[in-house]
Amino acid sequence: MSPLKIKKGATSHSAYNLRPTFSDKEEQHTLAILVENEPGVLARVIGLFSGRGYNIDSLTVAEVDHLGHRSRITIVTTGTPQIITQIKAQLGRIVDVHNVNDLTVEGPSVERELALFKVMGTGDHRIEAIRLADIFRANVVDSTLESFVFEITGTSEKIDAFADLMQPLGLQEIARTGVAALSRGSQT
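Throughout, residues of each chain are indexed from 1 in the direction in which the sequence is written. At least 70 in pLDDT is required for a residue's local features to be given in this predicted model, at least 80 for side-chain atom pairs to be given and counted, and no such filter applies to totals for whole chains, interfaces and linings, which use all residues. The basis for the side-chain values is all heavy atoms of the structure; hydrogens and waters are excluded.

Peer 1: Could you give an account of the sheet that holds strand β3 (residues 70-79), naming the residues involved and the relevant values?
Peer 2: Strand pairing is defined by DSSP finding a minimum of two bridges between the two strands. By the criteria applied, helices consist of DSSP H or I runs no shorter than four residues and strands consist of E runs no shorter than two, each listed in order from the N terminus. Pairing in this open sheet of four strands is antiparallel, and the strands run β2-β3-β1-β4 from one edge to the other. Looking at the sheet topology across the chains shown, the edges are occupied by β2 (56-65) and β4 (97-102). This sheet shows a mean twist of 20° between the axes of neighbouring strands, independent of strand direction. Axis definition: a line fitted to C-alpha atoms, over the contacting stretch in the case of helices. Angles run 0 to 180 degrees between N-to-C directions.

Peer 1: How would you sum up the environment of I130? Please name residues and give values.
Peer 2: Within the secondary structure, I130 sits in helix α3 (residues 124-135). Spatially, the C-alpha atoms of I130 and F148 are 8.8 Å apart, while their sequence positions differ by 18 residues. When checking whether two residues touch, look at their non-hydrogen atoms; a contact exists if any pair is within 4.5 Å. Look past the residues within four positions of I130 in its chain and what remains in contact with it is F148 and F150.

Peer 1: Describe the side chain of Q90, with residues and values.
Peer 2: With respect to the helices and strands, the residue Q90 is situated in helix α2 (residues 81-92). Between N or O atoms, a polar contact is any pair within 3.5 Å; within protein, one atom must be a potential hydrogen donor and the other a potential acceptor, and residues adjacent in sequence are included only when both atoms are from side chains. Side-chain polar atoms of Q90 contact the side chain of R52, separated by 3.0 Å. Excluding anything up to four places from it in sequence, Q90 contacts L48, R52 and Y54.

Peer 1: Just give me the short version of α2, but keep the residues and values in it.
Peer 2: Every helix has an expected span of 1.5 Å times one less than the residues it contains. Compared with the 16 Å implied by 1.5 Å per residue over 12 residues, the 17 Å span of α2 between its first and last C-alpha is a close match. Accessibility here uses a 1.4 Å probe with only protein chains present; expressed as a share of the type maximum, an area under 20% marks a residue as buried, one over 50% as exposed, and anything in between as partly exposed. All of the buried residues along α2 are I84, I87, Q90 and L91. When α2 is viewed along its axis, its buried side chains cluster within an angular range of 130° and face the same direction. Looking at the buried positions of α2, the neighbouring elements they touch are β1 (27-36), α1 (41-51), β3 and β4. For this quantity, the arc is that covered by the directions from the helix axis to the C-beta atoms.

Peer 1: Any details on empty space enclosed by the protein? Residues and values, ideally.
Peer 2: Here a cavity means grid points, on a 1 Å grid over the protein atoms only, where a 1.4 Å probe fits yet cannot get out; a pocket means an open set of points with protein on both sides within 12 Å along at least five of seven lines; lining residues are those with an atom within 4 Å of a point. Grid points are joined across faces, edges and corners, and a volume is the space filled by probe spheres set on the points. Counting across every chain of the model gives one cavity of 30 Å³ or more. Estimated volume of the largest cavity: approximately 30 Å³. The wall of the largest cavity is formed by V119, M120, G121, H125, R126, A129, E146, S147 and F148. At the level of secondary structure, the elements contributing two or more residues to the lining of the largest cavity comprise β5 (109-120), α3 and β7 (147-154). Classification used: nonpolar for Ala, Val, Leu, Ile, Met, Phe, Trp, Tyr, Cys and Pro, charged for Asp, Glu, Lys and Arg, polar for all others including Gly. For the lining of the largest cavity, the class distribution of residues is four nonpolar, three polar and two charged.

Peer 1: Describe the layout of surface pockets, naming the residues involved and giving the relevant values.
Peer 2: Any empty space left between atoms is shown by rolling a water-sized probe over those atoms. Taken as a whole, the largest pocket spans an internal volume of roughly 230 Å³. Around the largest pocket, the lining comprises 14 residues; the ones closest to its centre are Q28, E111, S156, E157 and V179. Within the residue set of the lining of the largest pocket, elements represented by two or more residues are β1, β2, β5 and α4 (156-166). In terms of residue class, the lining of the largest pocket is built from two nonpolar, six polar and six charged.

Peer 1: Give me the packing of aromatic side chains: which residues, what numbers.
Peer 2: Working definition: a ring pair exists when centres of Phe, Tyr or Trp rings (six-membered ring for Trp) sit within 6.5 Å. Plane angles under 30 degrees give stacked, over 60 give edge-to-face, the rest tilted. The full count for this structure, using the stated rule, is five aromatic pairs. Aromatic side chains F117 and F162 sit 4.9 Å apart centroid to centroid with 80° between the ring planes, which places their arrangement in the edge-to-face category. With a gap of 45 residues between them, F117 in strand β5 and F162 in helix α4 connect regions that are remote in the sequence. Note on F117: relative accessible area 1%, which makes it buried. On the accessibility criterion, F162 (0% relative accessible area) is buried.

Peer 1: Break down the pattern of salt bridges for me, with residues and values.
Peer 2: Any Lys or Arg side-chain nitrogen found within 4 Å of a carboxyl oxygen on Asp or Glu counts as a salt bridge. Considering all chains together, one arrives at seven salt bridges under this definition. Close ionic contact of R70 with E36 constitutes a salt bridge, the shortest N to O distance being 4.0 Å. Residue R70 is located in strand β3, and its partner E36 is located in strand β1; the two are separated by 34 residues in the primary sequence. Among the ionic pairs, D160 bridges to R176, the shortest N-O distance being 2.7 Å. One end of the pair, D160, is in helix α4; the other, R176, is in strand β8 (residues 171-176), and 16 residues separate them in sequence.

Next comes the structure, spelled out in structure tokens:
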């Protein structure tokens, strides 16, 4: 008996397609979850992740509808497509969850993060820190004779790049908010 020969370009719609339909490549996804603003809801959502060994790269939560008592949880997580699908399905089964949107696959979205950086330095390091902050459009929100606190808003990559450049100039502390994201255009 001869081995099966699968032609290049075979479609996934064929009943005889023997190629695996799953992927083991991990992808980063941004999930926007609308939930009831009640005690314990965030713990149930986070418990789903920790109970199954899923990691959360970023977590942001705030009330978005005061009259309807609803909050929006924005979670950035990493996993294979099958794990992401499983996470979305399990989140959708939680009673207090109204909807789960995967902003990564639903189309273009805008993602931003806020960070505060404390940089200690004098002389040339101080001048270089101010120059780099100007290039990155970071604002000085506090200043002493020995330190600055910079505020910067942008993508996670921009904040990481700013942190890398501030490290040799005396970076002492970083506080980050986590990713806040919205879909672009007329998508909901």
